Amino acid sequence: LLTPAAHAQRPKPNYDESQVPKFKLPDPLVTNKGKKVDSAEEWQNVRRPEILELFENEVYGKSPAAPKDMLFEVTSVKNDALGGKAIRKEVSVYFSGKKEEPRMDLLIYLPAKATKPVPVFMGLNFYGNHTITDETDVKLNDHWMRSNKDKGIVDHKATEASRGKSSSRWPIEKIIDRGYGLVAIYCGDIDPDYDDGFKNGVHALYNSKQKPAPDEWGTIAAWAWGLSRALDYLETDKQIDANKVAVMGHSRLGKTSLWAGAQDPRFALVISNDSGCGGAALSRRRFGETLHVINNAFPHWFCDNFNKYIDKENELPVDQHMLISLIAPRPVYVASAVEDRWADPKGEFLSVKYAEPVYKLLGTSGFGADKMPGINEPVQKQMGYHIRTGKHDVTDFDWEQYLNFADQHFRGS
Ligand code: GTR
């Protein structure tokens, strides 16, 4: 990795399509030994495990199995939330089984009029569950977070002023009106988003004395692991249909939803919103954010082995289309934004396209888009994609598409 001074001198990001290097992607349907994969069994039994292992060893790092004795505590229930539309619950998950840190808090909204277990969207957020809702009686997050004056985060703590500050990204009423629930979790409950030498968050539960080995979990893997633990809780909640959980994330948390969905087949649908480098975007394109930039700016996100490929993307045994392929045959949706060139919209699109042969092999409708669709013209088959107008963000347009996509796959409409 670079010294901070050298990092400051880093090359300007490339935004010129003609400067994208020529590259050859590894084929998701050719095994490490060079054999063509031609059946669903061979994919499931041979090639998929190979690709999963490559991502574990070289990109995100291996995560531990689920702890044996987690403790789930329902800390509040409100049956007339959102003016009577929703049931709202808060649930604390104690990873060690004892009432001590690390602990993550789930904020759950469910349609009040539901008569059977409901499908839900689950997503991590950047500044605490109380920031996604305008309801002021939700618990204020008490964990470390990145300071942000505009968001009301002062000295790494949430203040009352932070309530509702991210609500534009979470249209809870719309989600409820469409018959879905929402499960929210602050990512920093699982692992704080800074390079602390892996001493805190859930890393501390397993690696209390030392930094993980070069092939062990970084922060994105820890967040993804936390999402699976939240799903462990959902499986115990009778009001929720745990077979219909869509995991959704934006940006660094979109990288996380993809890795969570890739590893844990219990996630029935996976959504990446503007996830970019190390998420949906192909690393080999080196368009916008590169491995060089991301690994230096966020040394804790990936496993240390990922650093080997800085400026040597062609040596990666995988690229991000293979991350998407791990989700097959489950529905996957990738979204980009026109002004979010840093995340390389075209590279995000191409990952979906180059994962399609796996979806086809497994007998699904695949993607069906050869060229990037027009702006604000979503493509939705087994694989979905859109590029919308606007910047790096989560908008109502994005959610409208995710809800339609979920209707198609969870309700057959
Ligand atoms: C940026 C980072 C991106 C993306 C983004 C975010 O600083 O370069 O990879 O993750 O943060 O999470 O908003």
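Located above this text is the structure these notes cover.
Residues numbered from 1 in each chain as written. Predicted model: local features only at pLDDT ≥ 70, side-chain atom pairs only at ≥ 80, totals over all residues. Heavy atoms only, no water.

A. Spatial organisation of the packing of helix H2 (residues 40-60) against helix H7 (residues 252-263). For the pair H2 and H7, interaxial distance at closest approach is 11 Å and the crossing angle is 140 degrees. With respect to the hand of their crossing, H2 and H7 are arranged in left-handed fashion. Contacts from Arg48, Leu52, Phe55, Glu56 and Tyr60 of H2 reach H7 at Trp259, Ala262 and Gln263. In terms of residue class, the contact of H2 with H7 is made up of five nonpolar, one polar and two charged. (Axes fitted to C-alpha atoms, helices over the stretch in contact; angles between N-to-C directions. Helix = DSSP H or I, 4+ residues; strand = E, 2+ residues; numbered from the N terminus. Left-handed = near helix turned anticlockwise from the far one by under 90°. Contact = heavy atoms within 4.5 Å. Nonpolar A, V, L, I, M, F, W, Y, C, P; charged D, E, K, R; others polar.)

B. Spotlight on the site of the ligand. If you check the shell around the ligand, you find Phe126, Ser251, Arg252, Lys255, Glu289, Ile294, Phe298, Trp301, Trp342 and His392 and nothing else. Interatomic distance of 2.8 Å between a side-chain N/O atom of lysine 255 and an oxygen atom of the ligand. When the free accessible area of the ligand is taken as 310 Å², the share hidden by the protein chains comes to 80%. (Near = heavy atom within 4 Å. Polar contact = N/O pair within 3.5 Å; in protein donor to acceptor, adjacent residues only side chain to side chain. Areas by Shrake-Rupley, 256 points an atom, 1.4 Å probe, with all protein chains shown as cover.)

C. Spatial organisation of empty space enclosed by the protein. For the coordinates displayed, the defined rule picks out three cavities of 30 Å³ or more. Put simply, the largest cavity is a space of about 70 Å³. Lining the largest cavity are Glu90, Asp105, Leu106, Leu107, Gly128, Asn129, Val138, Lys139, Leu140 and Asn141. Considering each element in turn, the lining of the largest cavity owes the most residues, three residues, to strand S3 (residues 103-111). For the lining of the largest cavity, the class distribution of residues is four nonpolar, three polar and three charged. Empty space within the second largest cavity amounts to approximately 60 Å³. In terms of lining, the second largest cavity is formed by 13 residues, of which the most central are Cys277, Ala281, Leu282, Phe287 and Glu289. Looking at the lining of the second largest cavity residue by residue, the class counts come to seven nonpolar, three polar and three charged. (1 Å grid on protein atoms, 1.4 Å probe; cavity = no way out; pocket = protein on both sides within 12 Å on 5 of 7 lines; lining within 4 Å. Points joined across faces, edges and corners; volume = space filled by probe spheres on them.)

D. The packing of helix H6 (residues 219-234) against H7, seen in detail. Relative to each other, H6 and H7 sit at 60 degrees, their axes nearing to 8 Å. Judged by the inter-axis angle, H6 sits oblique to H7. In the packing of H6 onto H7, the handedness of the crossing is right-handed. For the pair H6 and H7, the contacting residues are Ile220, Ala221, Trp223, Ala224 and Leu227 in the first and Arg252, Leu253, Lys255, Thr256, Trp259, Ala260 and Gln263 in the second. Residues of the contact of H6 with H7, tallied by class, amount to eight nonpolar, two polar and two charged. (Parallel < 35°, antiparallel > 145°, perpendicular 65-115°, else oblique.)

E. How the structure looks around the pairing of strand S2 (residues 86-94). Counting buried positions along S2 gives nine out of nine residues, so the element sits mostly inside the fold. Of the two faces of S2, the one lined by Ala86, Arg88, Glu90, Ser92 and Tyr94 and the one lined by Ile87, Lys89, Val91 and Val93 are each fully buried. Here eight bridges tie strand S1 (residues 71-81) to S2, and the two strands are oriented antiparallel to one another. Within S2, the position partnered with lysine 78 by the bridge is arginine 88. Two successive antiparallel strands, S1 and S2, enclose a turn made up of four residues, where leucine 82 displays a positive phi of approximately 50 degrees. Pairing of S2 with S3 involves nine bridges; the strand directions are antiparallel. Counterpart to serine 92 in the pairing with S3 is aspartate 105. (Buried < 20%, exposed > 50% of the residue type's maximum accessible area, 1.4 Å probe, protein only. Pairing = 2+ DSSP bridges.)

F. Local environment of the sheet that holds strand S12 (residues 383-388). Reading across the sheet, the 10 strands line up as S1-S2-S3-S7-S4-S8-S9-S10-S12-S11 and stay open at both edges, with mixed pairing between neighbours. Here the strands that pair on one side only, and so sit at the sheet edges, are S1 and strand S11 (379-380). Of the strand pairs in this sheet, strand S9 (residues 269-273) and strand S10 (residues 332-337) are connected by four bridges, and their pairing is parallel. Within the sheet, the bridge partner assigned to isoleucine 271 lies in S10 and is tyrosine 333. Its contacts with the sheet place helix H10 (residues 345-361) against S10 and S12, and it is angled at close to 170 degrees to S12.

From the geometry alone we can't say anything about function, so treat these as descriptive.
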